[in-house]
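# Examination of the molecular architecture
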Amino acid sequence: MTLTKRELQRYDRQIRIPQIGTEGQEKLKKACIGIAGAGGLGSPAALYLCAAGVGKLVIIDRDIVETGNLNRQILHSQADEGKPKAVSAQEILTRLNPDIRVEVRQAEITPDNTAELFSGCHGIVDALDSLETRYVLNQAAMDLGIPLFHGAVNGFEGQAMTVIPGQSACLCCLYKEPERKTDRPLIPVIGVTPGVIGSVQAAEAIKFIIGRGNLLTNRLLRYDGLAMTFHDFGINPRPGCSHCRSFTEGGTP
Amino acid sequence: MITIHIPLILRHLSDDAETFQVEGSTVGQCLEELVKAFPGMQASIFSKKGEIHHLIEIFLNSKTAHPDELRRPTVDGDEIHVVTLLSGG
Ligand SMILES: [Zn+2]
């Protein structure tokens, strides 16, 4: 898939990165990434993947823009209040980069619709705000055999991990059991935290597409915005994990 | 001495201290010393059964200590990170 003159101009500064080059840029153009959630994490992830020229983005969010979202969800503006987040996300992303395709769906992610929502995607960014739906997304990534770029935040703290089905620990290996419906208080957050973590998730997706660098597989990256430290921890695939069982038991997923 | 790194979410219980030094020959003993010093952490780190809470991950020298975290032996100079797994977006 060759790049147009405008694309060569637009992406000039990143094509100059030896690990990207025109070859990497063409890979980005051919790629399709799903973004589950257009909130705090989904906003920076979508903006940077859009700006970087990922050929197609599929963005799923069921919610409506509220004023209380705007301290962190930079895809949306005050004037978008009352609009579906999917709609305002598509508007701003299309304005940022009309050379890519942005598909949006105002939908809840459930075990029944993931195959259809993410069909054709080469990877999914986990930009959700609940552990329960993260489990659904994790299972979907396993079933579709595509990577999941996980991120999560709380206050000044954030974390990221990349899941390659059949090769590395999954979210269920990490969290071990789903969140109970009762323990879901409103999570405090300042926009810079998902700004950092969503950007890490976008970087992981880009690295996966161009096939360069080391992904956050079997590694949990933790960011502490108050101490201002990053630390990565070793995570193992968990034997008996119900999502990647066959892989951890030595078979193929 | 063994250094325990306290997660940001629990630091209001440790007067904002990021680390705490303890003596102990297992992860379990070290964490016992931590909650002795900061009793408010007991309910966040441990389940009612006295196991590690399901949303807490313990890392010993930056590697997961799961499973059997509490029985892992510790030696002088070891670092324990108590990490609360996050779920916000
Ligand atoms: Zn697993």
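Criteria and cut-off values
- Residues numbered from 1 in each chain as written.
- Chains lettered and ligands numbered in written order.
- Predicted model: local features only at pLDDT ≥ 70, side-chain atom pairs only at ≥ 80, totals over all residues.
- Heavy atoms only, no water.
- Contact = heavy atoms within 4.5 Å.
- Buried area = accessible area lost by both parts, 1.4 Å probe.
- Salt bridge = Lys/Arg side-chain N within 4 Å of Asp/Glu carboxyl O.
- Helix = DSSP H or I, 4+ residues; strand = E, 2+ residues; numbered from the N terminus.
- Nonpolar A, V, L, I, M, F, W, Y, C, P; charged D, E, K, R; others polar.
- pLDDT = per-residue confidence, 0-100.
- 1 Å grid on protein atoms, 1.4 Å probe; cavity = no way out; pocket = protein on both sides within 12 Å on 5 of 7 lines; lining within 4 Å.
- Points joined across faces, edges and corners; volume = space filled by probe spheres on them.
- Donors = N, O, S within 2.8 Å, 3.2 Å for Na, K, Ca; no water.
- Tetrahedral: all angles 85-135°; square planar, octahedral: opposite > 155°, others 65-115°.
- Buried < 20%, exposed > 50% of the residue type's maximum accessible area, 1.4 Å probe, protein only.
- Axes fitted to C-alpha atoms, helices over the stretch in contact; angles between N-to-C directions.
- Parallel < 35°, antiparallel > 145°, perpendicular 65-115°, else oblique.
- Left-handed = near helix turned anticlockwise from the far one by under 90°.
- Polar contact = N/O pair within 3.5 Å; in protein donor to acceptor, adjacent residues only side chain to side chain.

## Thoughts on the interface of chain B and chain A
- Facing 21 residues of chain B, the contacting portion of chain A comprises 35 residues.
- A combined buried area of about 2300 Å² lies between chain B and chain A, and 59% of that area is made up of carbon and sulfur atoms.
- The interface formed by chain B and chain A holds two salt bridges in total.
- Ionic pairing is found between Asp 224 of chain A and Arg 11 of chain B, a salt bridge with its closest N-O pair at 2.7 Å.
- Elements with a contribution of two residues or more to the side of chain B that touches chain A: β3 (56–60), β4 (63–64) and β5 (79–84) of chain B.
- When residues of the side of chain B that touches chain A are assigned to their parent elements, the largest contribution, three residues, is made by β5 of chain B.
- Considered class by class, the residues forming the side of chain B that touches chain A number eight nonpolar, nine polar and four charged.

## Examining the confidence of the model for chain B
- In this model, chain B carries a mean pLDDT of 96, and residues with pLDDT of at least 70 account for 100%.
- Taken over the whole predicted complex, pTM reads 0.96, whereas the ipTM for its chain interfaces reads 0.95.

## With respect to the layout of surface pockets
All names here are of chain B.
- Roughly 440 Å³ of volume is contained in the second largest pocket.
- What lines the second largest pocket is a set of 18 residues, and nearest its centre among them are Ser 47, Glu 51, Ile 52, His 53 and His 54.
- Among the residues forming the lining of the second largest pocket, the class breakdown is five nonpolar, four polar and nine charged.

## Considerations on the coordination of the zinc ion
Residues and elements named next belong to chain A.
- Bound to the zinc ion are the protein donor atoms Cys 170 (SG), Cys 173 (SG), Cys 241 (SG) and Cys 244 (SG), situated 2.2 to 2.3 Å from the metal.
- Each of the four donor atoms bound to the zinc ion contributes to angles spanning 100 to 118°, and the resulting shape is tetrahedral.
- Judged by its relative accessible area of 0%, Cys 170 falls in the buried class.

## A closer look at the packing of helix α4 (residues 42–52) of chain A against helix α9 (residues 192–210) of chain A
All names here are of chain A.
- Contact pair α4 / α9: the axes reach a minimum separation of 7 Å and the direction vectors enclose 40°. Relative to α9, the element α4 lies oblique. Along this stretch, α4 crosses α9, giving a crossing that reads as right-handed. Contact with α4, carried on its side by Pro 44, Ala 45, Tyr 48, Leu 49 and Ala 52, involves Pro 194, Gly 195, Gly 198, Ser 199, Ala 202, Ala 205 and Ile 206 of α9 and no other residues of that element.
- Residue composition of the contact of α4 with α9, grouped by class: nine nonpolar, three polar and no charged.

## A closer look at the environment of Thr 94 of chain A
Residues and elements named next belong to chain A.
- Along the polypeptide, Thr 94 turns up in helix α5 (residues 85–96).
- Remark: the alpha-carbon pair of Thr 94 and Ala 205, spanning 111 residues in sequence, is separated by 20 Å.
- Separated by 2.6 Å, the side chain of Thr 94 and the backbone oxygen of Gln 90 make a polar contact.

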